[in-house]
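# Architecture and fold: a report
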Amino acid sequence: MIFDFAGRTAVITGSSDGIGFACALAFARAGADVVVNGRSDASVDAALARLRSECPETRFTGVAADMGTADGPARIIAAVPDCDILVNNCAVNNLQPMLEEPDETFFRLFEINFLAGVRLTRHYLPRMLERNRGRVLFHNSEQSLRPSPDMAAYGVSKAAELVFARSAAEYTKGTAVTVNTILIGPTRSAVTSALHARMAAESGKTVGEIEADFIRHVRPASLIQRLAEGEEVANMAIYLASDHASATNGAVLSVEGGVREVLF
Amino acid sequence: MMRIDLGGKLAVVTGSTKGIGFACARGLLEAGADVVVNGRTQASVDEAAARLRNAFPGREVTGVAADLGTAAGCALLVGRVPRCDILVCNVGVIALEDALEAPDETYLRLFELNCLSGLRLARAWLPGMLARNEGRVVFSGAQRPLMAYRGGTAYAATKFAQLSLARSMAELTRGTAVTVNTVMIGVTHSDSLDAVARDFAAAKGRTPEEDELDFVEMVSPGSLLQRLARAEEVASFVVYLASPLASATNGAMLSAEGGTRKAVY
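Parameters and conventions
Residues numbered from 1 in each chain as written. Chains lettered and ligands numbered in written order. Predicted model: local features only at pLDDT ≥ 70, side-chain atom pairs only at ≥ 80, totals over all residues. Heavy atoms only, no water. Helix = DSSP H or I, 4+ residues; strand = E, 2+ residues; numbered from the N terminus. Rg over C-alpha atoms; globule rule 2.2 N^0.38 Å. Contact = heavy atoms within 4.5 Å. Salt bridge = Lys/Arg side-chain N within 4 Å of Asp/Glu carboxyl O. Buried < 20%, exposed > 50% of the residue type's maximum accessible area, 1.4 Å probe, protein only. Buried area = accessible area lost by both parts, 1.4 Å probe. Polar contact = N/O pair within 3.5 Å; in protein donor to acceptor, adjacent residues only side chain to side chain. Nonpolar A, V, L, I, M, F, W, Y, C, P; charged D, E, K, R; others polar. Pairing = 2+ DSSP bridges. Axes fitted to C-alpha atoms, helices over the stretch in contact; angles between N-to-C directions. Parallel < 35°, antiparallel > 145°, perpendicular 65-115°, else oblique. Left-handed = near helix turned anticlockwise from the far one by under 90°. Core = buried A, V, L, I, M, F, W, Y, C linked by side-chain atoms within 4.5 Å. 1 Å grid on protein atoms, 1.4 Å probe; cavity = no way out; pocket = protein on both sides within 12 Å on 5 of 7 lines; lining within 4 Å. Points joined across faces, edges and corners; volume = space filled by probe spheres on them. Phe/Tyr/Trp six-rings, centres within 6.5 Å; stacked < 30°, edge-to-face > 60°.

### Observations concerning the overall build of chain A
A count of helices and strands for chain A gives 8 helices and 8 strands. Taking 264 residues into account, the globule formula puts the C-alpha radius of gyration at 18 Å, and chain A, at 18 Å, falls close to it. Counting only C-alpha atoms and orienting by the principal axes, one finds that chain A spans roughly 55 × 40 × 40 Å. Taking all contacts inside chain A whose residues are at least 6 apart in sequence as the whole, residues at least 24 apart take part in 73%.

What follows is the structure, encoded as structure tokens:
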């Protein structure tokens, strides 16, 4: 099976590191023109340098934009008026007991984790429908589907996104456009790696031991018994964005390593 | 360009002489795997294997006629294929009786074929996959049992039972690189369904093409796809899950049903 996105443009939010970066690299390798987004010029430039060294032939566009404001998505849209593949990836987390999380945290995470994807989909999806071709992907989290007393703002913002994604899919009825969600579990990223490195330094353990402890204590049910790699999420994004996935629409597809001990 | 390469892998696809199973066999061959095709009769197996060899000259295609609705049929298939890297449990039958009309025999027959056959084959091949720390089991699951209907209950119940079997089987892979997943399938083109569509259209004096939207609305109300899925569209997800690319997807149900499910999750 071949994945070839030559002539297609993929916009990937929050792609200066982590899972988004892995997606940018995968789409570039699969032939797409790739739009890279991060909050700062420095982060976007650093990501572009790494990507260009891996894929010198690829046409990359960098857009520094904070997706936590209406201005951020507007900047992406101004730089890239149309796209074939939209990967709503950017998200932030906040670890705090839920009754201590202030309104501001709920608003901030709601805006970045949920509203940014709404704003971009509102713009790009109608254009995809006009062309009768396109893919919208949402990167969601298994955290949406479990109690999150210490990450409630994150949990509710991503839960809301599940509903928006499935509702947006209704607009594609009878077209060749699809809207799907990838359900992600514990995955290695810049954020988790930095956290684990700090925990390792503080405890005298290795990063590997810290990661193993995390799986053992926090996600013991994991079938893969390790953190997933960003590349493994990107693989699913590539499949779903391809023409091969034409009968998968309005769906939630797991790349969470089997951490959910339930049928549904 | 990215490519899925299953070169050197042996894939067994049950119920693969036509329809979705045949498309899976084709997709796996196209991705480089050697394939074992299976059907109930020698004639159907020979015909399918010949078509595949014709499409992929020089490639290894083995045909095994076996009724997987019996323990003996499963044993026969296992006896012919000592090692399996990719097991696609696709075989299944439908029965249309209402819940209370269906006799024990219908429930038992469908349970044995739609659910138990996967376990019987996994008993033989999954331990080897776990020992090699490499392998894939993919079930052809059905979207239908997620909805409530009065009819076709034995089918829905046994296919729902299969979802439970698959998720439990995935537990056996914990900490290994082996995965067990289910592709959720909706209303998809097949010889038998296409015949039904032709009959419905003919009764209204229309061609199946003219009647397609009405037919879809009847068998798959609200479908986002607004047409029947093609077998290849299901098979592509099976091939993806069978590949190394899908290494962090395990114990999951993956939809290739055209968005018929009016549920967020």
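From this point, the narrative continues.
### Regarding the pattern of salt bridges
Applying the stated criterion across every chain, the model contains 31 salt bridges over all chains. A salt bridge links Asp214 of chain B to Lys204 of chain B; its shortest N-O distance comes to 3.6 Å. Residue Asp214 of chain B is located in helix H7 (residues 212-219), and its partner Lys204 of chain B is located in the loop between helix H6 (191-203) and H7; the two are separated by 10 residues in the primary sequence. On the accessibility criterion, Asp214 of chain B (41% relative accessible area) is partly exposed. Salt-bridge contacts for Arg230 of chain B lead to Glu232 of chain B; the nearest nitrogen and oxygen are separated by 3.7 Å. Among the ionic contacts, a cluster of salt bridges with common partners joins Asp82, Asp84, Arg131 and Arg133 of chain A.

### Here we look at the interface of chain A and chain B
The partner chain B presents 49 residues to the 51 residues of chain A that form the contact. Both sides together, the interface formed by chain A and chain B hides about 4100 Å², and carbon and sulfur atoms give 60% of it. The largest contributions to the chain A side of the interface with chain B come from Met1, Leu223 and Phe264 of chain A, which together make up 20% of the buried area. For the pair chain A and chain B, the number of links is 1 salt bridge. At the boundary of chain A with chain B, the tally comes to 25 residue pairs in polar contact (both at pLDDT 80 or more). Counting residues per element, the ones that place at least two in the side of chain A that touches chain B are strand E1 (2-3), helix H1 (18-29), helix H5 (152-170), helix H8 (230-241) and strand E8 (252-255) of chain A. In terms of residue class, the side of chain A that touches chain B is built from 26 nonpolar, 15 polar and 10 charged. Pairing analysis gives 2 bridges linking E1 of chain A to strand E1 (residues 2-3) of chain B, with the strands arranged antiparallel.

### Some points on the packing of helix H4 (residues 104-132) of chain B against helix H5 (residues 153-171) of chain B
All names here are of chain B. Running from amino to carboxyl end, H4 crosses H5 at an angle of 20°, the nearest separation of the two axes being 7 Å. Comparing the axis directions of H4 and H5 gives the class roughly parallel. For H4 against H5, the interelement crossing comes out right-handed. Contact residues: Thr106, Tyr107, Leu110, Phe111, Asn114, Cys115, Gly118, Leu119, Ala122 and Leu126 in H4; Thr153, Ala154, Tyr155, Thr158, Lys159, Ala161, Gln162, Leu165 and Met169 in H5. Across the contact of H4 with H5, the residue classes tally to 12 nonpolar, 6 polar and 1 charged.

### Regarding the sheet that holds strand E5 (residues 86-89) of chain B
All names here are of chain B. Within the open sheet, the 7 strands sit side by side as E4-E3-E2-E5-E6-E7-E8. Their pairing is parallel. In the strand order of this sheet, the two ends are held by strand E4 (61-65) and strand E8 (253-256), each with one partner. Strand-to-strand twist of the sheet, defined as the mean angle between neighbouring strand axes without regard to direction, takes the value 20°. Summarising the sheet, strand E2 (residues 10-13) and strand E3 (residues 34-39) pair through 4 bridges and their orientation is parallel. Paired with Val13 across the bridge in E3 is Val37. Strands in contact with helix H1 (residues 19-30) are E2, E3, E4, E5 and strand E7 (179-185); relative to E2, the strand with the most contacts, it is inclined by about 170°. Across the sheet, helix H2 (residues 42-55) is in contact with E3 and E4; its angle to E4 comes to roughly 170°.

### Considerations on the nonpolar core
A general trend in soluble globular proteins is that nonpolar side chains are found buried together. Core analysis: the largest hydrophobic core is formed by 87 residues, its most contacted members being Phe27 of chain A together with Leu28 and Phe237 of chain B. Counting 34 residues, the second-largest nonpolar core is a separate cluster that includes Val64, Val93, Phe139 and Ala154 of chain B.

### Comments concerning empty space enclosed by the protein
Within this structure, the stated rule accounts for 7 cavities of 30 Å³ or more. Around the largest cavity sit 27 residues that line it, and Val252 and Phe264 of chain A together with Met253, Arg261 and Tyr265 of chain B are the ones nearest its centre. Going through the elements one at a time, E8 of chain A together with E8 of chain B are the ones with two or more residues in the lining of the largest cavity.

### Quick word on the packing of aromatic side chains
Residues and elements named next belong to chain A. With the rule as written, the count across this model stands at 8 aromatic pairs over all chains. Note on Phe5 and Phe27: the rings are 5.3 Å apart at their centroids and 55° apart in plane angle, and the pair reads as tilted. Here Phe5, found in the loop between E1 and strand E2 (9-12), pairs with Phe27, found in helix H1; they are 22 residues apart in sequence, far enough to count as distant. For the pair Phe5 and Phe27, one class covers both residues: buried. Aromatic pair Phe110 and Phe114: ring centres 4.7 Å apart, planes at 25°, arrangement stacked. You can see Phe110 and its partner Phe114 sitting in helix H4 (residues 103-131), 4 residues apart, about one turn around the helix.

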